[in-house]
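This is what each chain is made of:
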Amino acid sequence: MNFLPKRWMGLGLGAALIGAASLSACGGESGEAGAPVAAQSADGAPVGQGEGGEGGEGEGAFPRLDAAAGLPVEKRLAFISGHVAAGLALYRAGAAGEAAPHLLHPVSETHADERAGLDAIGFKPEVFEQLSAALEAGKPAEEIEPLLTEAEANLKAMREAAGGAPKDIIEYLMKTTADEYDAGVDNGEVVNAGEFQDAYGFAVVARDIASAQDPAVYGDLKLELELLVLMWTGKAPLAASTPAPEAQMALQLARVKTALASLP
């Protein structure tokens, strides 16, 4: 369960983060403690480094995980939900142009393979098509807030119907968050706004999944995920944002990792 891209380990955090977060409680996932885990597709085949994704090839201690088409439905849905969460925040912040590619992800022909099986668990494409029309018409978020809320509700209902182990889904989202942040931020600057924004969306979905679980079990993880989301300051992950330094992001991801490892 390795969330930390290799270049982050050169920020003076290496020994501290390995000691704090490379827990044997993650046992069984990687054979030896601390060894990176190869991503796998739904049929168990390894997902190669740099495969798929809107952000292109990324560097890191684990393969890029945005080749979502080969994942089980619950993880594909979490991936799609992350894009939408970023888009909703941006739209509500008045950045419709930045929101558009994220909100259109669920109905984009480019990502059609990711939608396999979603109809069976209640996908409402018409909601996202209406969002597309609203974006094209330049409608402000406050005018279509009921539609934005309906999009959120549809994704939440599908996540509940898809099932899956919350811990596994959150772990997937955290690996993807780290990878996207690594691709989106360099030396304290946003170098790829889309990836920076996607990372935020994945963190939000992970927090929401943890919030829906038993607080007696998931309470510590929920708190760390709340703090993770707050690493993006302001109302939304705007392209003009000043990002949290990579060292601080790495430290908070390590805290999330520790909380995940403590789950039964």
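Residues numbered from 1 in each chain as written. Predicted model: local features only at pLDDT ≥ 70, side-chain atom pairs only at ≥ 80, totals over all residues. Heavy atoms only, no water.

Engineer: What is the right way to read the overall build of the protein chain from this model?
Structural biologist: From N to C terminus, the protein chain includes nine helices and two strands. Along its sequence from the N terminus, the protein chain presents helices and strands in the succession α-α-α-α-α-α-β-β-α-α-α. Put simply, the protein chain has 264 residues, and 48% of those count as buried. Taking the contacts inside the protein chain whose residues are at least 6 apart along the sequence as the reference set, 72% of them involve residues at least 24 apart. Carbon and sulfur atoms make up 52% of the accessible area of the protein chain, which amounts to about 11300 Å² in all. (Helix = DSSP H or I, 4+ residues; strand = E, 2+ residues; numbered from the N terminus. Buried < 20%, exposed > 50% of the residue type's maximum accessible area, 1.4 Å probe, protein only. Contact = heavy atoms within 4.5 Å. Areas by Shrake-Rupley, 256 points an atom, 1.4 Å probe, with all protein chains shown as cover.)

Engineer: Can you walk me through the pattern of salt bridges in this structure?
Structural biologist: Where charged atoms of side chains with opposite charge meet at close range, the side chains can pair. Inspection of every chain in the model, using the stated rule, returns seven salt bridges. The partner of Lys222 in a salt bridge is Glu226, with the nearest N and O atoms 3.2 Å apart. Placement of both Lys222 and Glu226 in helix H8 (residues 215–229) is noted, with a separation of four residues, approximately one turn of the helix. With relative accessibility at 28%, the residue Glu226 sits in the partly exposed group. Residues Glu224 and Arg255 are paired through a salt bridge, measuring 3.1 Å at the closest nitrogen-oxygen approach. One end of the pair, Glu224, is in helix H8; the other, Arg255, is in helix H9 (residues 246–261), with 31 residues separating them in the sequence. Because the salt bridges share partners, they merge into one network encompassing Arg207, Asp208, Lys222 and Glu226. (Salt bridge = Lys/Arg side-chain N within 4 Å of Asp/Glu carboxyl O.)

Engineer: In this structure, what is going on with the environment of Ala96? I would like to understand it.
Structural biologist: Along the polypeptide, Ala96 turns up in helix H3 (residues 96–103). Its relative accessible area of 30% is what places Ala96 among the partly exposed residues. In this structure, the C-alpha to C-alpha distance between Ala96 and Ala134, residues 38 residues apart in sequence, is 9.8 Å.

Engineer: I tried to follow the packing of aromatic side chains on my own but got confused; where do I start?
Structural biologist: What characterises a pair of aromatic rings is the spacing of the ring centres plus the angle enclosed by the ring planes. Scanning the model with the defined rule gives six aromatic pairs in all. Here a set of aromatic residues connected by ring pairs shows up, and it is made of Tyr181, Phe196, Tyr200 and Trp232. (Phe/Tyr/Trp six-rings, centres within 6.5 Å; stacked < 30°, edge-to-face > 60°.)

Engineer: Before we go on, may I ask you to explain helix H2 (residues 73–92) in this structure?
Structural biologist: Residue pairs spaced three or four apart in an α-helix point in one direction, given the helix's 3.6 residues per turn. Between its first and last C-alpha atoms H2 spans 28 Å; for 20 residues at 1.5 Å apiece the expected length is 28 Å, and the two agree. The buried fraction of H2 amounts to 16 of the 20 residues, a majority that puts the element mostly inside the structure. Downstream of H2 by one or two residues, Gly94 has phi in the positive range, about 90°. (Expected span 1.5 Å × (residues − 1).)

Purely geometric stuff here, so don't read any function into it on its own.
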